[in-house]
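Tertiary structure, described
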Amino acid sequence: MSQEDQYNSRYDRQERLVLWDQKLIQNSSVLVVGIGGTGSEVIKNLSLLGIGKLILVDVDTIEYSNLNRQMLFRETDIGKNKAEVAKDRINTMFNPQVNVETFSIKIQDIPTEIFEKVDVIAGCVDNFLARQYINSLAIELLKPYIDSATDGYLGQVQYIQKNFSSCLACDNPPPPDETNIWTAPCTLIGTPRIREHCAWKALYSFYTKYNREPRENSNKDMKSLLKIVNNCTKNYRFPSYDIKELRQLILAHIPSIVTVNSVISGIQSQLIINTLLFKKRSSLKRKDQQILKKLRESERFQIPSLTIYSGLTSTFSTFKLLADPDCIVCGNKGIDSNQIPIIQVYPDNKFKEIIQEVNNKYKDEFLAFRGNKYLDEGDLIKDILSNGDRITFSPLSGENDMRVKIIFKKKNI
Amino acid sequence: MIILSKKDVIWDNSIKKGPSDSSIEKMVKVRFKDPQLPPDQNVREKYINMNGSVFQAIGAARDAFNIPEVVPIALLYKGRRMNPSNSLSSYNIEENAMLMIVPDQIKGG
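All of the points below concern the structure found in this document. Worth saying up front: this structure is predicted, and the values here are computed from it rather than measured. (Residues numbered from 1 in each chain as written. Chains lettered and ligands numbered in written order. Predicted model: local features only at pLDDT ≥ 70, side-chain atom pairs only at ≥ 80, totals over all residues. Heavy atoms only, no water.)

A look at the overall build of chain B
This is how it is decided: By the criteria applied, helices consist of DSSP H or I runs no shorter than four residues and strands consist of E runs no shorter than two, each listed in order from the N terminus. Burial classes: relative accessible area under 20% of the type maximum marks a residue as buried, over 50% as exposed, and values in between as partly exposed (1.4 Å probe, protein chains only). Residue-level accessible areas treat just the shown protein chains as cover; the underlying method is Shrake-Rupley with a 1.4 Å probe.
Secondary structure assignment for chain B yields one helix and five strands. Along chain B, helices and strands appear, N-terminal first, in the series β-β-α-β-β-β. Within the span of chain B, comprising 109 residues, buried residues form 47% of the whole. Counting only carbon and sulfur atoms, one obtains 51% of the accessible surface of chain B, whose full area is about 5,700 Å².

This is how it looks when you write it as structure tokens:
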């Protein structure tokens, strides 16, 4: 069998689907951040589907506690970097044709160009800070960002795309602290009122002494921490801790089960595919473009902003989330950037003037949005915008949105 | 808008301080929906105090469905996530409005 026959045969069953275009999938790239419970399933799914390029990001190493659900990893991989091992497994076990690039550094250290060159960003991380970082970058670069999260029997997938849905910062209070060290200073300094306070005090003492948090897999660290904790429990007449209990309490790992991870990563992978099909719909065959149009009109093709799954009730619920126009990330008070184009206007003029300027400058016709609110060209600029607002222009003919900052000319302020 | 007793709402301590606009209870009937339950059981009515906070409304939602405190939940109203520290009055909630219950603080990966 020739290489071409092998290729055609591998994807034969999915190519029988309506709307499917294997070339479109093959020419697409996805950045997956976090190769853990959901991330490893997502990259397995995407590679089986024949995605062209995967960029994997994970700074963590493989631990025994990962092996209950992260099917890419084996006992012999303990201590190795997740992204590196995942790259090897994807190419040897699932699909040698996928081009895999890896970064075993923190997400914040990844060059922006890496985010710019992918079609979709998939977030499979385990903390709010990384999510907020990816969220900000995805909004600024106008990239679709599909985030997943699990907690025990619950899981959710959120779709973030400027002008289409809310972002992770919309209407949300600041993310909860990632560590308990800083949450209750009075507890750390004062008299422990409950047994758990001894654990927080000990963690704080450890941090102060070594300038780092204790390592979960280091017996030396855990014993040292246990000694501090139990001195405290003894002094204040609380029952003492053992290492297992202390590890569970302080490291606060989130409960995780492979079944929920599989469901959530399945939803996330399908959303990635739907996003690629929708984003690159102009590359679909004419017949498929018409089918997609009809499916959208009858709401049989949807990209929900939030999907929630409960393993305990076997229920799925989907929600449309609206953007907060004043969101500090995607809204009016958006991220400061020097790279964003600036348009200077008189606030007493009609918004049409801005539209015309953008149309002339970029040789296309655009619709304008603030948050996900459509801006009418007949309105006065001062009625719908403030000085310094960031608005988004969507071209009628193309697919690449752009953001523009509006500055009011001083004469009319 | 209906003014009722403080039944079904968490007591607002500010009421003790004497009359002011924000200390008067403005009880409004809303519907909480918990999509995790079967469709014929997932909507329950409750009166909430419009002069209270979203946090208090979350308490009322817990009450309506007996959701234990250990399960973090949030409320959605018209597609917007409600911030627990905001006052309910800032959302212009109407009589019979539907408030969706969703799990909160899911962060594992």
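Describing the packing of helix α4 (residues 37-49) of chain A against helix α12 (residues 258-279) of chain A
Residue and element names in this part refer to chain A. What counts, and what does not: Angles shown run from 0 to 180 degrees and are taken between the N-to-C directions of axes, each axis being a line fitted to C-alpha atoms and, for helices, limited to the stretch in contact. An angle counts as roughly parallel when it lies under 35 degrees, as roughly antiparallel when it exceeds 145, as roughly perpendicular when it falls between 65 and 115, and as oblique in every other case. Throughout, a crossing is termed right-handed when the near helix is turned clockwise from the far one, and left-handed when it is turned anticlockwise from it by less than a right angle. Note on contacts: a residue pair qualifies if any of its non-hydrogen atoms lie within 4.5 Å across the two residues.
At their nearest, the axes of α4 and α12 sit 8 Å apart, and the two run at 45 degrees to each other. Viewed along their axes, α4 and α12 adopt a mutual orientation that is oblique. For the pair α4 and α12, the crossing hand works out as right-handed. Taking contact as the criterion, the partners of Gly37, Thr38, Glu41, Val42, Asn45, Leu46 and Leu49 in α4 are, on α12, Val258, Asn261, Ser262, Ile264, Ser265, Gly266, Gln268, Ser269, Ile272 and Ile273.

As for unusual backbone geometry
Of note in the backbone geometry, Leu19 of chain A takes a positive phi value of approximately 70 degrees without being a glycine. Non-glycine residue Lys78 of chain B carries a positive phi angle of around 50 degrees. As for its position among the elements, Lys78 of chain B is in the loop between β3 (73-77) and β4 (80-81). Its relative accessible area of 55% is what places Lys78 of chain B among the exposed residues.

What about a nonpolar patch on the surface?
Residues and elements named next belong to chain A. Where we set the bar: Patch rule: a residue counts if its relative accessible area is over 30% and it has no salt bridge; like charges are joined within 9 Å, and nonpolar side chains (Val, Leu, Ile, Met, Phe, Trp, Tyr) within 5 Å. Criterion for a salt bridge: a side-chain nitrogen of Lys or Arg within 4 Å of a carboxyl oxygen of Asp or Glu.
Among the surface-exposed residues, Tyr153, Ile257, Val258 and Leu312 lie close enough to one another that they form a single nonpolar patch of about 350 Å² accessible area. With respect to the helices and strands, the residue Val258 is situated in helix α12. With a relative accessible area of 30%, Val258 lands in the partly exposed category.

Some thoughts on the interface of chain B and chain A
Quick note on the threshold: Throughout, buried area stands for the accessible area (probe radius 1.4 Å) lost by two parts on being put together, summed over both. Polar contact is the term for a pair of N or O atoms within 3.5 Å; when the atoms are in protein, one must be able to donate a hydrogen and the other to accept it, and sequence-neighboring residues count only if both atoms are side-chain atoms. Amino acids are sorted into nonpolar (Ala, Val, Leu, Ile, Met, Phe, Trp, Tyr, Cys and Pro), charged (Asp, Glu, Lys and Arg) and polar (every other residue, Gly among them).
Counting residues at the interface gives 17 residues for chain B, matched by 34 residues for chain A. Summed over both sides, the interface between chain B and chain A buries roughly 2,200 Å², with carbon and sulfur atoms accounting for 59% of that surface. Across the contact surface, chain B and chain A share two salt bridges. Here Asp171 of chain A and Arg80 of chain B are joined by a salt bridge, their closest N and O atoms 2.5 Å apart. Put simply, chain B and chain A have five residue pairs in polar contact (both at pLDDT 80 or more) between them. When contributions to the side of chain B that touches chain A are tallied by element, the ones reaching two or more residues are β4 and β5 (98-103) of chain B. Take the side of chain B that touches chain A: its biggest share by element is three residues, from β5 of chain B. The class makeup of the residues in the side of chain B that touches chain A is seven nonpolar, six polar and four charged.

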